[in-house]
Amino acid sequence: MEKIGIMGGTFDPIHYGHLMIAENAREQFGLDKVLFIPTGNPPHKQRQHVTEAIHRCRMVSLAIEDNEAFAMDETEVESSDTSYTYLTLKKIRDRYREAHLYFILGADSLFDFESWKEPEAILEHCSILAAYRKHEHQESFFQQIGYLNCKYQEHFFPLNTPNLEVSSQDIRNRLQYGRTVRYLVPRNVELYIRKHHLYEGEAMEDEKGRDREKAEKGIG
Ligand code: ATP
């Protein structure tokens, strides 16, 4: 049976953390292919400024061009609706009817999983491969996997991958303040960012968006 990995993300911009977990998922679970699906209109980032999809997609294409098992999928950016994972997975399922689907995510998303729309519908279509991310405690990461496996009947698996303490937010901040992003993103992605002056003067806007969101939710 064909095994397809799905790496969803805002990819604003894509970085080595994303590529590292996708490649290790490919190896560990013997995936035939990993689809990178940039979000169109992500529900959890509605208040943040998100870079135009065309740039995020081009950066993904550049980042994955040297890995023949990686491919980009524009399902979400082609739609103007909010990008809910369960709907995206239904579309992918229609295309790969016989395949086993594996959704790849980082631990922060694992802790949010229950708040995603239609978690049961997501698990109807795929297994979840979760990578530990440095800022979570490793013990609570494995506890969360155990807890979700009890609740949703054994769909969650830990990924064995090196931890890269890198985030798109960190990269945007570095660019805002003129700092280096070399070795955090592939060189061709860095050159693309520089050529198109992406993220110059945007990190502050991001922070403002987050503060607004927190204030509205009454957090922080
Ligand atoms: P931002 O900093 O803007 O929130 P991000 O770096 O978390 O972005 P996303 O595009 O939102 O990147 O992430 C897509 C997926 O990749 C998520 O499941 C996230 O948990 C995971 N991910 C991102 N960076 C890492 C990393 N360094 N290690 C493990 N997983 C990661």
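Residues numbered from 1 in each chain as written. Predicted model: local features only at pLDDT ≥ 70, side-chain atom pairs only at ≥ 80, totals over all residues. Heavy atoms only, no water.

Engineer: Pulling in residues and values, what's your account of the site of the ligand?
Structural biologist: Taken together, 22 residues lie around the ligand, and Asp-108, Ser-109, Leu-164, Ser-168 and Gln-169 are the ones closest in. His-15 has a polar side-chain atom sitting 2.9 Å from an oxygen atom of the ligand. Contacts to the ligand include Val-166, whose backbone N or O atom sits 2.9 Å from a nitrogen atom. Relative to its unbound accessible surface of 610 Å², the ligand loses 91% to contact with the protein. (Near = heavy atom within 4 Å. Polar contact = N/O pair within 3.5 Å; in protein donor to acceptor, adjacent residues only side chain to side chain. Areas by Shrake-Rupley, 256 points an atom, 1.4 Å probe, with all protein chains shown as cover.)

Engineer: Before we move on, can you summarise the packing of aromatic side chains with the specific residues and values?
Structural biologist: Tallied over the entire structure, the rule returns 12 aromatic pairs. A ring pair is formed by Phe-36 and Phe-70, whose centres lie 5.0 Å apart and whose planes are at 55 degrees; its orientation type is tilted. One end of the pair, Phe-36, is in strand β2 (residues 33-38); the other, Phe-70, is in strand β3 (residues 70-72), and 34 residues separate them in sequence. Classification of Phe-70 as buried rests on a relative accessible area of 9%. Centre to centre, the rings of Phe-113 and Tyr-152 are 5.8 Å apart; their planes meet at 85 degrees, and the pair counts as edge-to-face. Taken together, the positions of Phe-113 in the loop between α4 (107-112) and α5 (119-125) and Tyr-152 in helix α6 (residues 138-152) put the pair 39 residues apart, joining distant regions of the chain. With a relative accessible area of 0%, Phe-113 lands in the buried category. (Phe/Tyr/Trp six-rings, centres within 6.5 Å; stacked < 30°, edge-to-face > 60°. Helix = DSSP H or I, 4+ residues; strand = E, 2+ residues; numbered from the N terminus. Buried < 20%, exposed > 50% of the residue type's maximum accessible area, 1.4 Å probe, protein only.)

Engineer: Explain the sheet that holds strand β1 (residues 3-9) to me, and be specific about the residues and the numbers.
Structural biologist: As summarised here, the arrangement of the 6 strands in space is β3-β2-β1-β4-β5-β6, forming an open sheet in which the pairing is parallel. Looking at strand neighbours, the two that pair on one side only are β3 and β6 (156-159), the edges of this open sheet. Neighbour-to-neighbour, the strand axes of this sheet turn through a mean angle of 30 degrees, independent of strand direction. Judged from the 6 bridges that link them, β1 and β2 form a sheet pairing that is parallel. Considered in β2, the bridge of Gly-9 is made with Pro-38. The sheet contacts of helix α1 (residues 16-29) involve β1, β2, β3, β4 (100-106), β5 (126-131) and β6, and relative to β6 the element is tilted by about 115 degrees. Docked against the sheet, α6 engages β5 and β6, running at close to 160 degrees with respect to β6. (Pairing = 2+ DSSP bridges. Axes fitted to C-alpha atoms, helices over the stretch in contact; angles between N-to-C directions. Contact = heavy atoms within 4.5 Å.)

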